[in-house]
Amino acid sequence: MTVGIDKIGFFTSPYYIDMTDLANARNVDPNKYLIGIGQRRQSVIPQTQDTVTMAANAAAEILTAADRAQIDMVIFGTETGVDNSKAAAIYLQDLLGISKRARAFEIKQACYGATAGVQMAIDHVFLHPNSKVLVVASDIARYGLETAGEVTQGGGAVAMLITQDPHILALDGQSAFHSDNIMDFWRPLYRQEAVVDGHYSTDIYIDFFNKTWNQYCYQTKRTLADFAAMVFHLPFTKMGLKALKSVVADADNANQLLHEFDFSTQYNAEVGNLYTGSLYLSLISLLANSDSLHPQDRIGLFSYGSGAQGEFYSGTIAESFDRAKLKRQVDRLLENRVKLSIPEYEKMYQSGLPLSAGEVTFDIDSDQSRFVLRGRHSDQLEYV
Ligand code: HMG
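These figures come from a predicted structure and were not determined experimentally.

**Topic: the overall build of the chain**
Across its full length, the chain carries 13 helices and 17 strands. On C-alpha atoms alone, the chain measures out to a radius of gyration of 20 Å, which is about the 21 Å that the 2.2 N^0.38 rule sets for 384 residues. Projected onto its principal axes, the C-alpha coordinates of the chain cover approximately 60 × 55 × 40 Å. Among the 384 residues that make up the chain, the fraction classed as buried is 48%.

The structure is reproduced here in structure tokens:
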């Protein structure tokens, strides 16, 4: 039996800013953002979207009525949850009409949470082959206006259905992981923006990639030659490139891996960091945009969550994978976004649900997405 990603869906905000505009507004050479960081555009999240609505919009794309009845586990990976107690997965299950005979819960470990969910889902389906598990990764990346991290903001959600005999990627169960108490990025309970030691975080990312990659090679006896491509957690696209370059120098297939890396960054360069979803958007980007990959080709996946947890694992492309369909869906979503000026973005950025208590009603007619946040009343979030 094979187990893996049977369906995958993506959602991001209908609004974006251009990185050249942002650079000009911040008095920075645009090439720093476009080449040095490797980002072209960034999603801006309106007040009518949060991690729950984005996850619901991503998952609604892929689920049939039969899936909704058969799902017996909903795992929600996020570090920008909507409640300190209640899991976002419960709201999601309700919005999507998923069977109530399901386990529904949230996992947090910075950008790594959804990977823990995927690994748990694989084990669950191996034990219960008729199960289907919905794993979502949904986040809004915020560092603050006029900060060094601003160019690495963004947001969005990826939804994955994990089943037996998957139609996209069979996960082969080979995995290496590493964790340690590191203060590179965190978000105290009283803050909406992350605290980050930026350059330190990039060093730790590369260190954790090397540790998990070397451990994976030791465990599996595989080498770079066994991989057709690698995808990375992409807080910004240059980060993954640096990590890949730290291991490919002497590989015979170095050029091929670097070539495929370009495909795996196309969508992330348009969206920015979506924390838990970034690795899985990179996977979507590779699978939708590369025309040189074939069924059975092996893909490596590196997941990193600050604080810190890293994991390198692998899978092979399914025979029945439909590239054109995936590409159509994501291209359509990104092409239909509306560009904001920098003053419009700054206003939208500051307009979200406040941390302080109070009644809030948003203008939901401004957002045509299938699921939106209407506001907060009597301390309860209201979704439609
Ligand atoms: P910075 O200090 O503004 O940028 O912060 P810099 O001075 O390091 O420059 C960046 C690159 O641009 C450099 O290239 C420059 O040379 C180049 P590099 O040396 O790195 O190859 N550059 C130019 N290139 C072309 N033309 C020019 C030009 N000028 C400069 N004119 C930093 C950058 C990423 C640190 C900042 O944006 C930040 O703090 N971001 C947030 C933290 C982050 O994303 N960390 C990534 C690793 S941690 C992670 O992935 C986890 C995370 O997703 C959170 C989670 O797990 O929940 C963040």
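**Notes on the nonpolar core**
Inside soluble globular proteins, nonpolar side chains tend to come together where they are buried. Ranked by internal contacts, the top residues of the largest apolar core, which has 110 residues, are Ala 55, Leu 92, Val 136, Val 158, Ile 162 and Ile 284. The greatest single-element share of this core, amounting to 8 residues, is contributed by helix H11 (residues 278–289). The residues touching Val 136, leaving out its near neighbours within four places in the chain, are Ala 55, Ala 58, Ala 59, Phe 76, Gly 77, Leu 92, Ala 157 and Ala 159.

**Some words on the sheet that holds strand E16 (residues 373–377)**
Ordered in space as E15-E16-E17, the 3 strands form an open sheet in which the pairing is antiparallel. This sheet does not close on itself; its edge strands, each paired only once, are strand E15 (360–361) and strand E17 (380–383). Of the pairings in the sheet, the one linking E15 to E16 comprises 2 bridges and is antiparallel in character. Across the sheet, Thr 361 pairs through a bridge with Gly 375, a residue of E16.

**Side note on the UniProt feature "domain: Hydroxymethylglutaryl-coenzyme A synthase C-terminal" (unreviewed entry) in the chain**
Per the UniProt record, "domain: Hydroxymethylglutaryl-coenzyme A synthase C-terminal" (unreviewed entry) is annotated on residues 173–247 and 263–345. Taken as a whole, residues 173–247 contains 45% helix and 20% strand, while its terminal C-alpha atoms sit 22 Å from one another. As a span, residues 263–345 carries 41% helix and 23% strand, and end to end its C-alpha atoms are 28 Å apart.

**Considering the packing of helix H8 (residues 237–248) against helix H9 (residues 254–263)**
Interaxial distance between H8 and H9 falls to 11 Å at its minimum, and their mutual angle equals 170°. When the axes of H8 and H9 are compared, the pair comes out roughly antiparallel. Mapping the contact onto sequence places Gly 240, Leu 241, Leu 244 and Val 248 in H8 and Ala 254, Leu 257, Leu 258 and Phe 261 in H9. When grouped by side-chain class, the residues that make up the contact of H8 with H9 number 7 nonpolar, 1 polar and no charged.

**Digging into the site of the ligand**
Near the ligand there are 30 residues, and of these Asn 31, Gly 36, Ala 110, Cys 111 and Gly 198 occur at the shortest range. The set of elements that each furnish at least two residues to the shell around the ligand consists of helix H2 (30–37), helix H7 (198–220) and strand E12 (298–305). For the shell around the ligand, a count of residues per class yields 14 nonpolar, 12 polar and 4 charged.

**A few points about the pairing of E16**
When a strand is regular, its side chains alternate between the sheet's two faces. Here E16 pairs with E17 via 4 bridges, running antiparallel. Following the sheet pairing, His 377 is matched in E17 by Gln 380. If you look at the hairpin formed by E16 and E17, you'll find 2 residues sitting between the two strands, and Ser 378 has a positive phi there, around 50°.

**Digging into the environment of Ala 55**
Its location among the elements puts Ala 55 in helix H3 (residues 51–60). When the 34 C-beta atoms within 10 Å are taken as the criterion, Ala 55 is described as buried. Through-space distance from the C-alpha of Ala 55 to that of Leu 92 is 7.3 Å; in sequence the pair is 37 residues apart.

**Quick look at the UniProt feature "domain: Hydroxymethylglutaryl-coenzyme A synthase N-terminal" (unreviewed entry) in the chain**
Per the UniProt record, the feature "domain: Hydroxymethylglutaryl-coenzyme A synthase N-terminal" (unreviewed entry) sits at residues 3–164. Secondary structure across residues 3–164 divides into 34% helix and 31% strand, with the first and last C-alpha atoms of the span separated by 4 Å.

**Describing the environment of Ser 179**
By secondary structure assignment, the location of Ser 179 is in strand E8 (residues 169–179). Those residues in contact with Ser 179 that lie beyond four places of it in its chain are Ala 308 and Gln 309.

**Digging into the sheet that holds strand E14 (residues 338–339)**
Spatially, the 3 strands line up as an open sheet ordered E3-E2-E14, and their pairing is mixed. Of all strands in the sheet, those with a lone pairing partner are strand E3 (41–44) and E14, marking the two edges. Of the strand pairs in this sheet, strand E2 (residues 15–18) and E14 are connected by 2 bridges, and their pairing is parallel. Each residue of the ladder has a partner; that of Tyr 15, found in E14, is Val 338.

Calculation criteria
- Every chain is numbered on its own, with residues counted from 1 as its sequence reads.
- Whole-chain, interface and lining totals are the exception, using all residues; otherwise, since this is a predicted model, local features are given only for residues with pLDDT of at least 70 and side-chain atom pairs are given and counted only at 80 or more.
- Note on conventions: DSSP H or I runs of at least 4 residues are helices, E runs of at least 2 residues are strands, and numbering of each starts at the N terminus.
- Note on method: radius of gyration uses C-alpha positions; expected globular size equals 2.2 Å times residues raised to 0.38.
- Whether a residue is buried, exposed or partly exposed follows from its count of other C-beta atoms within 10 Å of its own C-beta, namely 20 or more, 12 or fewer, or something in between, respectively; the C-beta atoms are built from the backbone.
- Structurally, a nonpolar core is described as a collection of buried Ala, Val, Leu, Ile, Met, Phe, Trp, Tyr and Cys residues joined by way of C-beta atoms within 7 Å.
- A pair of residues counts as a contact when their C-beta atoms, built from backbone coordinates, are within 7 Å of each other.
- At least two DSSP bridges between two strands are required for those strands to pair.
- UniProt positions are given in the numbering used here, feature names are shortened, and annotations may be inferred rather than shown by experiment.
- Only the stretch in contact is used when fitting a helix axis, every axis being a line fitted to C-alpha atoms; angles between N-to-C directions are given from 0 to 180 degrees.
- Each angle gets one of four labels, with under 35 degrees taken as roughly parallel, over 145 as roughly antiparallel, 65 to 115 as roughly perpendicular, and the rest as oblique.
- Note on residue categories: nonpolar means Ala, Val, Leu, Ile, Met, Phe, Trp, Tyr, Cys or Pro, charged means Asp, Glu, Lys or Arg, and polar means any other residue, Gly included.
- Each residue gets a C-beta atom placed from its backbone. If that atom is within 6 Å of a molecule or strand, the residue is near it.

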